[in-house]
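# A look at the structure
Below, each chain spelled out in residue letters.
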Amino acid sequence: MTITFYAWGTPNGRKVSVALEEMELPYTVVPVNIGNGEQFQPAFLRISPNNKIPAIVDPQGPDGQPISVFESGAILLYLGEKTGKFLPASLRERVPVLEWLMWQMGGFGPMPGQVHHFAALEAEADRRYGLKRFSDETHRLYGVLDRRLAQTEFVAGELSVADFAILGWAWRHERHKVDLTTYPNVLRWYDTLFARPGVQRGFAAKLD
Ligand SMILES: N[C@@H](CCC(=O)N[C@@H](CS)C(=O)NCC(=O)O)C(=O)O
């Protein structure tokens, strides 16, 4: 049964297209043009009350009944549970996946997202404070990730939904003004992931 994927071609959208492709789940994309306000339409708000993509509707949810899911982290966990892929069954192995997924959701997304916002402002006086604050924090987060990836091949050991979540934002490193060669372990991880056909399909999927 085909999952309906409400999407736009942004980092949070790409996390889910990569997961759907890697898990080999059939899906159809419903583009939600967030540039012209489609995320506020009542039909979409019934699925995604925070008026943001991504969201999914799975016609074959728990007990065979349809279910909708919003928030990219919840979607990744749902899809991991549904398929048994990229989400370990053992609690001990699952904990680092949860840790790094929450790390992404709480920081490695909100912070570089602010860099995107302030970098786009025209007036230098408006940009200066925000860019410094959020660029410093973004670089700190890349440092945390780099040190983690010096110890493990993927963030939680085996490849997991946490890697897909983080990759969605690392994909935008140029836009938040990060040179990946400064973070060699992140660069190695990034190149390894982008060599995977499923990841390539996830980034090539037409979301808008
Ligand atoms: N915490 C949310 C963030 C989603 C998010 O920020 N989506 C953006 C696109 S990347 C959006 O839909 N923005 C539209 C809006 O804010 O009106 C998630 O991870 O799903």
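All values reported here derive from a predicted model rather than from experimental measurement. (Residues numbered from 1 in each chain as written. Predicted model: local features only at pLDDT ≥ 70, side-chain atom pairs only at ≥ 80, totals over all residues. Heavy atoms only, no water.)

### Focus: the site of the ligand
The immediate surroundings of the ligand are formed by 13 residues, with Gln 39, Lys 52, Ile 53, Glu 71 and Ser 72 found nearest. At 2.7 Å from an oxygen atom of the ligand is found a side-chain nitrogen or oxygen belonging to Gln 39. Coverage of the ligand by the protein amounts to 77% of the 510 Å² it exposes when considered alone. Broken down by class, the residue content of the shell around the ligand amounts to five nonpolar, five polar and three charged. (Near = heavy atom within 4 Å. Polar contact = N/O pair within 3.5 Å; in protein donor to acceptor, adjacent residues only side chain to side chain. Areas by Shrake-Rupley, 256 points an atom, 1.4 Å probe, with all protein chains shown as cover. Nonpolar A, V, L, I, M, F, W, Y, C, P; charged D, E, K, R; others polar.)

### Looking at the pairing of strand β3 (residues 55-58)
Strand direction decides the pairing type here: strand β1 (residues 3-7) and β3, joined by three bridges, are antiparallel. Across the sheet, Tyr 6 pairs through a bridge with Ala 55, a residue of β3. With four bridges joining them, β3 and strand β4 (residues 67-70) adopt antiparallel strand pairing. Along β4, the bridge assignment pairs Ala 55 with Phe 70. (Pairing = 2+ DSSP bridges. Helix = DSSP H or I, 4+ residues; strand = E, 2+ residues; numbered from the N terminus.)

### Quick word on the sheet that holds strand β2 (residues 27-31)
Reading across the sheet, the four strands line up as β2-β1-β3-β4 and stay open at both edges, with mixed pairing between neighbours. A single partner strand is all that each edge strand has here, and the edge strands are β2 and β4. With direction set aside, neighbouring strand axes in the sheet form an average angle of 20°. Contacts from helix α1 (residues 11-22) reach β1, β2 and β3 within the one sheet, and its direction differs from that of β1 by about 155°. Strands β1, β3 and β4 of the sheet are contacted by helix α3 (residues 72-83), whose axis makes an angle of about 135° with β4. (Axes fitted to C-alpha atoms, helices over the stretch in contact; angles between N-to-C directions. Contact = heavy atoms within 4.5 Å.)

### Observations regarding the nonpolar core
Membership of the largest hydrophobic core comes to 55 residues, with the highest contact counts inside it found for Ile 56, Leu 79, Phe 108 and Trp 189. Per-element tally for this core: the top contributor is helix α7 (residues 161-170), with eight residues. Residues in contact with Ile 56, not counting those within four places in the same chain, are Ile 3, Thr 4, Phe 5, Val 16, Ile 47, Ile 67, Ser 68, Val 69, Ile 75, Tyr 78 and Leu 79. The next biggest cluster of nonpolar side chains, apart from the first, holds seven residues, and it includes Tyr 6, Ile 47, Ile 53 and Ala 55. (Core = buried A, V, L, I, M, F, W, Y, C linked by side-chain atoms within 4.5 Å. Buried < 20%, exposed > 50% of the residue type's maximum accessible area, 1.4 Å probe, protein only.)

### What to know about the packing of aromatic side chains
Using the criterion set out here, one finds 11 aromatic pairs in the structure. Ring geometry for Trp 171 against Phe 203: centres 5.1 Å apart, planes inclined by 55°, an arrangement best described as tilted. Here the residue Trp 171 occupies a position in the loop between α7 and α8 (184-194), and Phe 203 occupies one in helix α9 (residues 197-204), the gap between them amounting to 32 residues. (Phe/Tyr/Trp six-rings, centres within 6.5 Å; stacked < 30°, edge-to-face > 60°.)

### Notes on the pattern of salt bridges
One pass over the full model with this rule turns up nine salt bridges. Note that Glu 24 is salt-bridged to Lys 85, the shortest N-O span being 3.9 Å. Linking Glu 24 in the loop between α1 and β2 with Lys 85 in the loop between α3 and α4 (91-106), this pair joins segments that are 61 residues apart in sequence. Because the salt bridges share partners, they merge into one network encompassing Glu 124, Arg 127 and Arg 128. (Salt bridge = Lys/Arg side-chain N within 4 Å of Asp/Glu carboxyl O.)

### Some words on the packing of helix α6 (residues 124-149) against α8
The N-to-C vectors of α6 and α8 enclose an angle of 75°; their axes lie 7 Å apart at closest approach. Between α6 and α8, the angle falls in the class roughly perpendicular. Contact residues: α6 offers Tyr 142, Leu 145, Asp 146 and Leu 149, while α8 offers Pro 184, Asn 185, Val 186, Arg 188 and Trp 189. Classifying every residue of the contact of α6 with α8 gives six nonpolar, one polar and two charged. (Parallel < 35°, antiparallel > 145°, perpendicular 65-115°, else oblique.)

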